[in-house]
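Chain by chain, the residues run as shown.
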Amino acid sequence: MKVVVKNWHAIAQWKWDTGNNDADDGDVEGDVCGICRVPYEGCCPSCKVPGDDCPLIWGECSHVFHMHCLLKWIGTAASKQQCPMDRRPWVTAERKVDATTNSAPTP
Amino acid sequence: MSTNCRRRLIRDFKRLSTDPPGGVSGSPCPDNIMLWNAVIFGPADTPFEDGTFKLILTFDESYPTKPPTVKFLSRMFHPNVYANGELCLDILQNRWSPTYDVAAILTSIQSLLHDPNPNSPANAEAAQLYRENMKEYVRRVRATVEESWLDPDEQEKMKEDGEDGNAS
């Protein structure tokens, strides 16, 4: 018997690696931006296309938001430059790359 | 005109409907999503128990960067509620965070009924009675609980008749 593949569809799925997937298991609110309440994989209310043009931003405090949502808040005097979740001074963290899933082995 | 705020309010409404916190309810006006009516049930084991206190929340386009204005429509006797129904509550002023939603606002107000803060009084008389004469405080609050069951027109009529709740 010979199988001939006539055509095929590639399907890809993407997800931001927020680094705290385990902690959010079972929490329905876990995967939404705390400011606009839209899923991280969606985009902030000011954008039309999700993905690299509407990235996430990480704080040293470990909280994650859509970058546009967070910057809009931090830009107001009322924010006192604090994280909206824990009121600690907002310090943008370097993207935490999970070695097991993301980084290619370096020579 | 920005729709960001409306989109967020729809999400707030969805959350409030699917996962409602106990003792509060709220919904946007059918013809204006920027205007919400809400009810807070007086928490058990407080003088406010069994009250159905109506509020109105007014949002503008800057929500959730800025908080809504929140006002009691029902007459209140509470150390942190002004005579016009406006509240003195830090999270609606200088401690606002854009992560709060309508559910969070309503539950915060509910807990304010539970734990008044007599140090920043909006109603000096209520604050004083709360500190010094609990029995009279409870009596005055109970009067507002009974009034809260009337609809707004009836409450208005009671005010016109000169019954401001001070007389028992």
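Worth saying up front: this structure is predicted, and the values here are computed from it rather than measured. (Residues numbered from 1 in each chain as written. Chains lettered and ligands numbered in written order. Predicted model: local features only at pLDDT ≥ 70, side-chain atom pairs only at ≥ 80, totals over all residues. Heavy atoms only, no water.)

A. View of the overall build of chain B. Per the secondary structure count, chain B includes 5 helices and 4 strands. What you see in chain B, going N to C, is helices and strands ordered as α-β-β-β-β-α-α-α-α. Taken over the C-alpha trace, chain B has a radius of gyration of 16 Å; the compact-globule value for 168 residues is 15 Å, and the two agree within 12%. For chain B, the C-alpha atoms occupy an extent of roughly 50 × 35 × 25 Å along the three principal directions. When contacts within chain B are restricted to residue pairs at least 6 apart in sequence, those whose partners lie at least 24 apart make up 56%. Distance between charge centres in chain B, computed from 18 positive and 25 negative side chains, equals 7 Å. (Helix = DSSP H or I, 4+ residues; strand = E, 2+ residues; numbered from the N terminus. Rg over C-alpha atoms; globule rule 2.2 N^0.38 Å. Contact = heavy atoms within 4.5 Å. Lys, Arg positive; Asp, Glu negative; His and termini not counted. Charge placed at Lys NZ, Arg CZ, Asp CG, Glu CD.)

B. Looking closely at the UniProt feature "domain: UBC core" (unreviewed entry) in chain B. The sites that carry the UniProt feature "domain: UBC core" (unreviewed entry) are, in the present numbering, residues 4–150 of chain B. With 35% helix and 18% strand, the stretch residues 4–150 of chain B has end C-alpha atoms that lie 37 Å from each other. (UniProt positions renumbered as here; feature names shortened; annotations may be inferred.)

C. Inspection of the sheet that holds strand β3 (residues 52–58) of chain B at higher detail. Residue and element names in this part refer to chain B. The antiparallel open sheet is built from 4 strands, whose spatial order is β1-β2-β3-β4. In this open sheet, the two edge strands, each paired with only one partner strand, are β1 (24–29) and β4 (69–72). Across the sheet, the mean angle from the axis of one strand to that of its neighbour is 25°, orientation sign disregarded. Across 7 bridges, strand β2 (residues 32–41) lies against β3 in antiparallel orientation. The residue of β3 that forms the bridge with Ala38 is Leu55. Along the sheet, helix α1 (residues 4–18) makes contact with β1 and β2, crossing β2 at roughly 30°. The sheet contacts of helix α2 (residues 102–114) involve β1, β2, β3 and β4, and relative to β2 the element is tilted by about 30°. (Pairing = 2+ DSSP bridges. Axes fitted to C-alpha atoms, helices over the stretch in contact; angles between N-to-C directions.)

D. The arrangement of the UniProt feature "active site" (unreviewed entry) in chain B in detail. Mapped onto this numbering, the UniProt entry annotates "active site" (unreviewed entry) at Cys88 of chain B. Every residue in contact with Cys88 of chain B, bar those within four places of it in the chain, is listed here: Asn80, Tyr82, Gln93, Leu112, Ser120 and Ala122 of chain B.

E. Helix α3 (residues 124–132) of chain B, seen in detail. All names here are of chain B. Of all the residues in α3, the buried ones are Ala126, Ala127 and Leu129. Relative to the axis of α3, the buried residues are bounded by an arc of 165° and lie together on one face. For α3, the exposed residues lying more than 90 degrees away from the buried face are Ala124 and Glu132. The N-terminus of α3 is capped by Asn123, whose side-chain oxygen sits 3.2 Å from the backbone nitrogen of Glu125. (Buried < 20%, exposed > 50% of the residue type's maximum accessible area, 1.4 Å probe, protein only. Arc of directions from axis to C-beta. Polar contact = N/O pair within 3.5 Å; in protein donor to acceptor, adjacent residues only side chain to side chain.)

F. The interface of chain A and chain B, seen in detail. Facing the 17 residues of chain A at the interface are 15 residues of chain B. Here chain A packs against chain B, burying approximately 1500 Å² in sum over the two surfaces, 48% of which is carbon and sulfur. Across the chain A-chain B interface, the total number found is 1 salt bridge. The shortest N-O distance in the salt bridge between Arg37 of chain A and Asp101 of chain B comes to 4.0 Å. One can count 9 residue pairs in polar contact (both at pLDDT 80 or more) joining chain A with chain B. Looking at side-chain class alone, the side of chain A that touches chain B contains 9 nonpolar, 3 polar and 5 charged residues. (Buried area = accessible area lost by both parts, 1.4 Å probe. Salt bridge = Lys/Arg side-chain N within 4 Å of Asp/Glu carboxyl O. Nonpolar A, V, L, I, M, F, W, Y, C, P; charged D, E, K, R; others polar.)

G. Seen up close, the pattern of salt bridges. Residue and element names in this part refer to chain B. Under the defined criterion, the tally for this structure stands at 9 salt bridges over all chains. A salt bridge links Arg15 to Asp101; the nearest nitrogen and oxygen atoms lie 2.6 Å apart. Highlighted residues: Arg15 in helix α1 and Asp101 in the loop between β4 and α2, separated in sequence by 86 residues. Residue class for Arg15 comes out partly exposed when judged on its relative accessible area of 24%. For Arg140, the salt bridge goes to Glu125, with nearest N and O atoms at 3.1 Å. Highlighted residues: Arg140 in helix α4 (residues 134–148) and Glu125 in helix α3, separated in sequence by 15 residues. Classification of Arg140 as buried rests on a relative accessible area of 9%.

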